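Survey of secondary and tertiary structure
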Amino acid sequence: MGLLDGQRAVVTGGASGIGAATARRMHEEGASIAIVDIDDAAGVAIAASVDGRAFTADVSDPDACAAAINAAAEALGGMSILFNNAGVGAARPLHEYSDRAWAKLIGVNLAGTFHGIRAAVPLMRESGGCIVNHASVSGVRPTRFEGPYSAAKAGVISLTMDAALEYAPAIRVNCVSPGLIETPLTAGVLGDESLRAAVDAATPMARVGSADDVANAVVFLASPLASYITGHNLVVDGGSYLPNAQADAILRQFGM
Ligand SMILES: NC(=O)c1ccc[n+]([C@@H]2O[C@H](COP(=O)([O-])OP(=O)(O)OC[C@H]3O[C@@H](n4cnc5c(N)ncnc54)[C@H](O)[C@@H]3O)[C@@H](O)[C@H]2O)c1
């Protein structure tokens with residue numbers, strides 16, 4: 001028996017990285033899967049690998065996002081799980097972001113999450129369901145040069161708590177906040193061996209996270225094991241945001 005037997009799951013951004021890993025893990029746990037992604041060909045390929053369906057949409061476009069989620073729910077015969085995962089990143093000094101880059105980072109990461117919730121609520125309110133949003137440790141505390149991304153992800157955490165309050169008990173709403181995870185989004189940084197070694201050394205769990213590390217957390221939150229958990233932000237970062245640089249520097253002075 002799977003943790004998600006009989007569930008009908010829609011995964012936005014499911015064509016790559018953590019979304020693809022989550023689609024696969026949810027399928028292994030018994031859920032039927034639909035993928036909504038801007039990348040048509042990759043979405044079709046990942047959907048085929050999990051006996052699922054693929055729908056193409058830019059989640060930052062309100063009408064396209066709603067139409068794709070509604071079509072996905074219709075194809076699945078309903079929707080009981082939504083993983084609002086589609087996201088994009090960027091890194092540069094705050095004053096160098098153009099209006100266009102700002103609009104994209106907020107539009108995909110934050111507005112895209114809102115569009116997903118708005119489409120899902122009418123589909124889940126009667127039958128019940130669960131939404132998992134994708135935030136980031138950058139939303140818990142900002143990462144230098146990721147100003148708009150960090151602000152968008154902080155917004156996702158806030159939106160998660162609001163939606164949890166508004167839609168309980170019918171719909172549970174939680175989010176995950178990963179640290180640095182190995183996916184196409186981070187391939188540039190992690191492809192550099194010395195940088196990767198530095199990341200491993202700075203992570204209490206002594207390694208970079210995998211897409212499956214996050215997928216497992218999402219499956220947990222979407223499953224009956226988490227039936228009394230709503231409004232929670234589950235950090236999945238190998239402990240990377242715990243170290244306190246000032247205290248650690250003092251302790252090192254004392255050889256500790
Ligand atoms: N990789 C990390 O270190 C990390 C850390 C924290 C949070 N996250 C979050 O995880 C989520 C997935 O990231 P990933 O690392 O798997 O990246 P990824 O680039 O491998 O996958 C992102 C997916 O989202 C899709 N997508 C992008 N823009 C879209 C849009 N406008 N509409 C629909 N689909 C769109 C892409 O086509 C792709 O399939 C994102 O929300 C990201 O912010 C990632």
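Note that the structure is a prediction, hence the values are computed from the model and not measured. (Residues numbered from 1 in each chain as written. Predicted model: local features only at pLDDT ≥ 70, side-chain atom pairs only at ≥ 80, totals over all residues.)

Topic: the overall build of the chain
Scanning the chain from N- to C-terminus turns up 10 helices and 9 strands. For 256 residues, the compact-globule estimate of 2.2 N^0.38 gives 18 Å, and the C-alpha radius of gyration of the chain, at 18 Å, lies within 12% of that figure. Judged by the C-alpha coordinates and their principal axes, the chain covers about 60 × 45 × 35 Å. Looking at the chain as a whole, 46% of its 256 residues are labelled buried. (Helix = DSSP H or I, 4+ residues; strand = E, 2+ residues; numbered from the N terminus. Rg over C-alpha atoms; globule rule 2.2 N^0.38 Å. Buried ≥ 20, exposed ≤ 12 C-beta atoms within 10 Å, placed from the backbone.)

Here's the deal with the nonpolar core
If you look at the biggest cluster of nonpolar residues, it comprises 69 residues, and the most contacted ones within it are Val10, Ile33, Ile35, Ala72 and Val218. Each residue touching Ile35, except ones within four places of it in the same chain, is listed here: Val11, Gly14, Ala15, Ala23, Gly43, Ile46, Ala47, Gly52 and Ala54. (Core = buried A, V, L, I, M, F, W, Y, C linked by C-beta atoms within 7 Å. Contact = placed C-beta atoms within 7 Å.)

Some points on helix H6 (residues 147-167)
The periodicity of an α-helix, 3.6 residues per turn, causes residues three or four positions apart to be oriented the same way. Across its 21 residues, H6 extends 30 Å between first and last C-alpha, which sits within 8% of the 30 Å expected from 1.5 Å per residue. Every buried residue of H6 is accounted for by Gly147, Pro148, Tyr149, Ser150, Ala152, Lys153, Val156, Thr160, Ala163 and Tyr167. Those residues of H6 that are buried lie in contact with helix H4 (99-124), strand S5 (129-134), helix H5 (137-140), strand S6 (171-178) and strand S9 (233-236). (Expected span 1.5 Å × (residues − 1).)

A look at the site of the ligand
Taken together, 28 residues lie near the ligand, and Gly13, Ser16, Gly17, Gly87 and Thr183 sit nearest. Of the residues that constitute the shell around the ligand, the class distribution is 12 nonpolar, 13 polar and 3 charged. (Near = placed C-beta within 6 Å. Nonpolar A, V, L, I, M, F, W, Y, C, P; charged D, E, K, R; others polar.)

Some words on the pairing of strand S4 (residues 81-84)
Here S4 shows no split at all, with Ile81 and Phe83 on one side and Leu82 and Asn84 on the other all buried. Where strand S1 (residues 8-12) lies against S4, 3 bridges are found, and the strand directions are parallel. Across the sheet, residue Val11 finds its bridge partner in S4, namely Phe83. Both S4 and S5 contribute to a ladder of 4 bridges, which runs parallel. Note that in S5 the partner of Ile81 across the bridge is Cys130. In terms of handedness, the path from S4 via H4 over to S5 forms a crossover that is right-handed. (Pairing = 2+ DSSP bridges. Right-handed = clockwise from strand over helix to strand, strands pointing away.)

Some details on the sheet that holds S1
Strands sit in the order S3-S2-S1-S4-S5-S6-S9 across an open sheet of 7 strands; the sheet is parallel. On the outer flanks of this sheet lie strand S3 (53-56) and S9, each paired with one strand and no other. Sheet twist, expressed as the mean angle between neighbouring strand axes with direction ignored, is 20°. Bridge count for S6 against S9 is 4 bridges, and the pairing is parallel. Pairing of Pro178 across the sheet is with Val236, part of S9. Running over the sheet, helix H3 (residues 62-76) touches S1, strand S2 (32-37) and S3 and is turned about 160° from S2. On top of the sheet, H6 reaches S5, S6 and S9; it is set at about 165° to S6, its chief contact. (Axes fitted to C-alpha atoms, helices over the stretch in contact; angles between N-to-C directions.)

A word on helix H10 (residues 245-253)
Counting buried positions along H10 yields 0 of 9 residues, so the element is predominantly exposed. Phi turns positive one or two residues past the end of H10, at Gly255, with a value near 70°.

Quick notes on the environment of Gln246
Tracing the backbone through its elements, the reader meets Gln246 in helix H10. Placed 233 residues apart in sequence, Gln246 and Gly13 show a C-alpha to C-alpha distance of 38 Å.

Focus: the packing of H4 against H6
Here H4 crosses H6 at 15°, and the two axes come no closer than 8 Å. Comparing their axes, H6 and H4 come out roughly parallel. When you trace H4 past H6, the crossing you get is right-handed. Taken together, the residues of H6 that come into contact with H4 (itself represented by Trp102, Leu105, Ile106, Asn109, Leu110, Thr113, Phe114, Ile117 and Val121) are Pro148, Tyr149, Ala152, Lys153, Gly155, Val156, Leu159, Ala163 and Tyr167. Looking at the contact of H4 with H6 residue by residue, the classes come out as 14 nonpolar, 3 polar and 1 charged. (Parallel < 35°, antiparallel > 145°, perpendicular 65-115°, else oblique. Left-handed = near helix turned anticlockwise from the far one by under 90°.)

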